[in-house]
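The chain contents come next:
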Amino acid sequence: MRNLIIFTILVLLLQGCLWVNKRGISDKYYNGCKEYYDASGVYHKKCDENLIDWKDL
């Protein structure tokens, strides 16, 4: 019960600071991923880190 109260207070305080995107929960509004091909033609995709990733849950 105590954990639920603490979690609820944190959610209310951070309500405008956390965003849900396709990869998880982030502190940024836009999901910033950079996609590119290197000189040898290999595809790379680098994304900003999320606070919580869906694949980790």
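Check the entry above for the structure.
The notes below deal with the structure included here. From a predicted model like this one, the values you see are computed outputs, not experimental measurements.

Procedures and definitions
- Residues numbered from 1 in each chain as written.
- Predicted model: local features only at pLDDT ≥ 70, side-chain atom pairs only at ≥ 80, totals over all residues.
- Heavy atoms only, no water.
- Helix = DSSP H or I, 4+ residues; strand = E, 2+ residues; numbered from the N terminus.
- Rg over C-alpha atoms; globule rule 2.2 N^0.38 Å.
- Buried < 20%, exposed > 50% of the residue type's maximum accessible area, 1.4 Å probe, protein only.
- Contact = heavy atoms within 4.5 Å.
- Areas by Shrake-Rupley, 256 points an atom, 1.4 Å probe, with all protein chains shown as cover.
- Lys, Arg positive; Asp, Glu negative; His and termini not counted.
- Charge placed at Lys NZ, Arg CZ, Asp CG, Glu CD.
- Disulfide = S-S within 2.5 Å.
- Phe/Tyr/Trp six-rings, centres within 6.5 Å; stacked < 30°, edge-to-face > 60°.
- Pairing = 2+ DSSP bridges.

Right, let's get into the overall build of the chain. A tally of helices and strands in the chain yields one helix and five strands. From first element to last, N terminus to C terminus, the chain shows the α and β order α-β-β-β-β-β. For a compact globule of 57 residues, the expected C-alpha radius of gyration is about 10 Å, and the chain comes in at 16 Å, more than 25% above that figure. Counting every position in the chain, which comprises 57 residues, the buried fraction comes to 9%. The contacts in the chain between residues at least 6 apart in sequence include a share of 41% that link residues at least 24 apart. In the structure as shown, the chain presents an accessible area of about 5,300 Å², 62% of it carried by carbon and sulfur atoms. Across the chain, 8 positive and 7 negative side-chain charges occur, with their mean positions spaced 3 Å apart.

All right, on to the state of the cysteines then. Enumeration according to the criterion identifies one disulfide in this entry. Residue pairing for Cys33: its cysteine sulfur links by disulfide to Cys47, the two sulfurs lying 2.1 Å apart. Across the S-S bond linking Cys33 and Cys47, the dihedral sits near 110°, which makes this disulfide right-handed. Of this pair, Cys33 sits in strand 3 (residues 33–37) while Cys47 is found in strand 4 (residues 43–47), placing the two residues 14 residues apart along the sequence.

Another point: the packing of aromatic side chains. Using the criterion set out here, one finds three aromatic pairs in the structure. With centroids separated by 4.7 Å and ring planes inclined at 85°, the aromatic side chains of Trp19 and Tyr29 adopt a geometry described as edge-to-face. One end of the pair, Trp19, is in strand 1 (residues 19–20); the other, Tyr29, is in the loop between strand 2 (24–26) and strand 3, with ten residues separating them in the sequence. In this structure an aromatic cluster arises from ring pairing among Trp19, Tyr29 and Tyr30.

Our next topic: the sheet that holds strand 5 (residues 52–53). A sheet is described by the order of its strands in space; here three strands give the open sequence 1-2-5, paired in antiparallel fashion. In this open sheet, the two edge strands, each paired with only one partner strand, are strand 1 and strand 5. Note that strand 2 and strand 5 share two bridges and pair antiparallel. Each residue of the ladder has a partner; that of Gly24, found in strand 5, is Asp53.

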